[in-house]
Amino acid sequence: MKTINQPLKEFITDYKLKPEDHSICFDATIYFSTETDFISLSTEVEIISIGETIMDVINLLHPDVLVHRIPDTYLVNEHEIAYLKNRALIIKGQAPEHGWFVLSIHADGACDEYTLMELHGKTLN
């Protein structure tokens, strides 16, 4: 899997996240904070690299992400991305519902086998 974003590369390397079919899936705890909200949630996270010019996309897969009106898709080239070594991937940006936000993603382990099969099936179709 190719990615052009250096902080994302370091995160993938440090956590030994292995790609399958141009995507990576892992369990994580996320912390989403705005000026008025702080939300903590466990979710599976998918990182996808798309196309010849490489566009990285980060998807939060848990349904409660949308219940809390947290954006579930992040185009890496449209957000500020940082990596705190061995701690978290940080995404800063602006969302229609929340205004400015900071999302930190803390990798916890591998995705559930069912999720992996579902993602793999979607990739092949």
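Keep in mind it's a predicted model, so treat the numbers as computed, not measured.

(A) Geometry of the pairing of strand 5 (residues 80–84). Judged by which residues are buried, strand 5 turns out to be one-sided: I81 and Y83 face inward and are buried, whereas E80, A82 and L84, on the alternate face, are not. Taken together, the five bridges between strand 5 and strand 6 (residues 88–95) define a ladder with antiparallel strand orientation. Residue pairing in the sheet places L84 in a bridge with A88 of strand 6.

(B) A look at the confidence of the model for the protein. Looking at the protein as a whole, the pLDDT averages 85, with 82% of positions reaching at least 70. By mean pLDDT, helix 3 (residues 113–124) is the weakest element of the protein at 61, and strand 5 is the strongest at 96.

(C) Looking closely at the environment of H106. Checked against the element boundaries, H106 lands in strand 7 (residues 99–110). By relative accessible area, H106 is classed as partly exposed at 22%. Sequence separation of H106 and F26 is 80 residues, and the distance between their C-alpha atoms is 9.9 Å. Dropping the residues within four chain positions of it, H106 is found in contact with D27, A28, T29, Y31, R87 and A88. There is a polar contact of 2.9 Å between the side chain of H106 and the backbone oxygen of R87.

(D) Quick look at the environment of L75. Along the chain, the position of L75 falls in strand 4 (residues 73–75). For L75, a relative accessible area of 24% translates into the label partly exposed. For the pair formed by L75 and M55, sequence separation is 20 residues and the distance between their alpha carbons is 7.4 Å.

(E) Structural context of unusual backbone geometry. The backbone of K16 shows a phi angle near 50 degrees, a positive value even though the residue is not glycine. Within the secondary structure, K16 sits in the loop between helix 1 (6–14) and strand 1 (23–33).

Calculation criteria
Residues numbered from 1 in each chain as written. Predicted model: local features only at pLDDT ≥ 70, side-chain atom pairs only at ≥ 80, totals over all residues. Heavy atoms only, no water. Buried < 20%, exposed > 50% of the residue type's maximum accessible area, 1.4 Å probe, protein only. Helix = DSSP H or I, 4+ residues; strand = E, 2+ residues; numbered from the N terminus. Pairing = 2+ DSSP bridges. pLDDT = per-residue confidence, 0-100. Contact = heavy atoms within 4.5 Å. Polar contact = N/O pair within 3.5 Å; in protein donor to acceptor, adjacent residues only side chain to side chain.

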